[in-house]
Amino acid sequence: MDEFQVMDELQTIETHAADQTRRLGRALGQLLQAGDVVFLSGALGAGKTTLSQGVAAGAGIEGPVTSPTFTLIHEYEGRIPLVHMDLYRLLRTEQVLSEPVQFQQGQPEQVQSELDGTGADAQLNAAQLPEHEATALGLDDYFESGAALLIEWPGGLEDYVEDALYIRVDFPKGREADERVLTCRAKGPRSRLLLSEWVKQWRL
Ligand SMILES: Nc1ncnc2c1ncn2[C@@H]1O[C@H](COP(=O)(O)OP(=O)(O)OP(=O)(O)O)[C@@H](O)[C@H]1O
Ligand SMILES: [Mg+2]
């Protein structure tokens, strides 16, 4: 279906349409088990929620899966419990309080600066929520809850887990508007297994 390459522990795949990203997500969702953690990074509008919609469908969630941009957290019950978070607003609030950044959604310079790691998105992707805030919101409790977690703009929650799948969605430079590159890396034995099983599905 797609070219894919294996570079050490990184697995990358290109998609050419939103539906293709959703299909990839569905294959991941079918493999997902209670307690799995998936972190999603990448610029605004890259396709994290689109991928998540596929994951939810694959995990047996019926009905619409919308972006938790404003609500932060959506909880679903399918074949397994699934929690979908988007901490962008929290991170942005933190950043605005400390160092205001001009966001220009969809500007080519922003996409470019995301790719070279200097843009506002890149800063937010690297941003850390203060621990007291994560705790106050009960975010750490979700890691104990047994639900599978899908987390956009994780804001340092990576530190809470020893086993997780990391997926970054990028706009490749100078390509068609609907092209994306997903770069995936697994930390820990469960996520390595999950990633290797998922990658097998990419060939089908
Ligand atoms: N190959 C592709 N994969 C994913 N989405 C695509 C692709 N091509 C076009 N799109 C479009 O790009 C947009 C991706 O939006 P989405 O909400 O998934 O991004 P996001 O990464 O979750 O952004 P945010 O950081 O704002 O939450 C959608 O409108 C989707 O239809
Ligand atoms: Mg999103």
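Residues numbered from 1 in each chain as written. Chains lettered and ligands numbered in written order. Predicted model: local features only at pLDDT ≥ 70, side-chain atom pairs only at ≥ 80, totals over all residues.

Chemist: Sorry if this is basic, but what is going on with the overall build of the protein chain here?
Modeler: Scanning the protein chain for helices and strands turns up 8 helices and 8 strands. Taking all 204 residues of the protein chain together, 36% fall into the buried category. (Helix = DSSP H or I, 4+ residues; strand = E, 2+ residues; numbered from the N terminus. Buried ≥ 20, exposed ≤ 12 C-beta atoms within 10 Å, placed from the backbone.)

Chemist: Which parts of the structure should I look at to understand the packing of helix 1 (residues 18-31) against helix 8 (residues 189-202)?
Modeler: The relative placement of two packed helices is expressed as an angle between their axes plus a distance between the axes. Interaxial distance between helix 1 and helix 8 falls to 9 Å at its minimum, and their mutual angle equals 135°. When the interaxial angle is binned, helix 1 and helix 8 end up oblique. The two elements helix 1 and helix 8 cross, and the hand of that crossing is right-handed. Contacts between helix 1 and helix 8 pair Ala 27, Leu 28 and Leu 31 from the former with Leu 194, Glu 197, Trp 198 and Gln 201 from the latter. Among the residues making up the contact of helix 1 with helix 8, the classes are represented as 5 nonpolar, 1 polar and 1 charged. (Axes fitted to C-alpha atoms, helices over the stretch in contact; angles between N-to-C directions. Parallel < 35°, antiparallel > 145°, perpendicular 65-115°, else oblique. Left-handed = near helix turned anticlockwise from the far one by under 90°. Contact = placed C-beta atoms within 7 Å. Nonpolar A, V, L, I, M, F, W, Y, C, P; charged D, E, K, R; others polar.)

Chemist: Any chance you could explain the site of ligand 1 here in plain terms?
Modeler: Around ligand 1, a shell composed of 22 residues is seen, among which Ala 18, Thr 21, Gly 47, Lys 48 and Thr 49 lie nearest. Of the residues belonging to the shell around ligand 1, the class tally is 6 nonpolar, 11 polar and 5 charged. (Near = placed C-beta within 6 Å.)

Chemist: Explain the nonpolar core here, please?
Modeler: One broad trend across soluble globular proteins is that nonpolar side chains are buried collectively. Membership of the largest hydrophobic core comes to 43 residues, with the highest contact counts inside it found for Val 38, Leu 40, Leu 165 and Ile 167. Apart from the residues lying within four places of it in its own chain, the contact partners of Leu 40 are Lys 48, Leu 51, Ser 52, Leu 150, Ile 151, Glu 152, Ile 167 and Val 169. (Core = buried A, V, L, I, M, F, W, Y, C linked by C-beta atoms within 7 Å.)

Chemist: I tried to follow the pairing of strand 3 (residues 37-42) on my own but got confused; where do I start?
Modeler: Each regular strand carries side chains that alternate between the two faces of the sheet. Burial analysis of strand 3 places 6 of its 6 residues in the buried class, the great majority of the element. Alternating positions in strand 3 separate into two faces, Val 37, Phe 39 and Ser 41 on one and Val 38, Leu 40 and Gly 42 on the other, with burial throughout. Here 4 bridges tie strand 3 to strand 6 (residues 148-152), and the two strands are oriented parallel to one another. By the bridge assignment for strand 6, Phe 39 is matched with Ile 151. (Pairing = 2+ DSSP bridges.)

Chemist: Could you clarify how one ought to interpret helix 8 in this entry?
Modeler: Spacing of three or four residues puts side chains on the same side of an α-helix, whose turn is 3.6 residues. Spanning 14 residues, helix 8 covers 20 Å between terminal C-alpha atoms, matching the ideal 20 Å at 1.5 Å per step. Looking only at helix 8, the buried set comprises Ser 191, Leu 194, Leu 195 and Trp 198. Axial view of helix 8: buried residues confined to an arc of 95°, hence all on one face. Seen from the open side of helix 8, the exposed residues pointing more than 90 degrees away from its buried face are Pro 189, Ser 196 and Lys 200. Packed against the buried residues of helix 8 are strand 2 (10-15), helix 1, strand 7 (164-170) and strand 8 (180-187). (Expected span 1.5 Å × (residues − 1). Arc of directions from axis to C-beta.)

Chemist: How should I be thinking about the environment of Leu 72 in this particular structure?
Modeler: Within the secondary structure layout, Leu 72 lies in the loop between helix 2 (48-58) and strand 4 (73-77). Classification of Leu 72 as partly exposed rests on a count of 16 C-beta atoms within 10 Å. Each C-alpha atom, one on Leu 72 and one on Arg 89, is 7.8 Å from the other, the two residues being 17 residues apart in sequence. Aside from chain neighbours lying at most four places away, what touches Leu 72 is Met 85, Asp 86, Leu 87, Arg 89 and Leu 90.

Chemist: Before we go on, may I ask you to explain the confidence of the model for the protein chain in this structure?
Modeler: As a general rule, the predicted coordinates of low-pLDDT regions are not to be interpreted in detail. Mean pLDDT over the protein chain: 86, with 84% of residues reaching 70 or higher. Across residues 1-8 the pLDDT falls below 50, and counting only partners more than four positions away or on other chains, this stretch makes 11 contacts in the model. Taken together, the stretch residues 107-115 has pLDDT below 50 and engages in 16 contacts with residues farther than four places along the chain or on a different chain. (pLDDT = per-residue confidence, 0-100.)

Chemist: How do you make sense of helix 1 when you look at a structure like this?
Modeler: In this model, helix 1 (14 residues) spans 20 Å end to end at C-alpha, consistent with the 20 Å of a helix rising 1.5 Å per residue. Where helix 1 is concerned, the buried positions are Thr 21, Arg 22, Leu 24, Gly 25, Leu 28 and Gly 29. Across the axial projection of helix 1, the buried residues extend over an arc of 160°, all falling on one side.

Chemist: Looking at this structure, I do not really get the environment of Leu 194. What am I missing?
Modeler: Looking at where Leu 194 falls in the secondary structure, it is placed in helix 8. On the basis of neighbour counts, which here come to 23 C-beta atoms within 10 Å, the residue Leu 194 falls in the buried class. Discounting chain neighbours no more than four positions away, the residues touching Leu 194 are Leu 31, Asp 36, Leu 165 and Ala 186.

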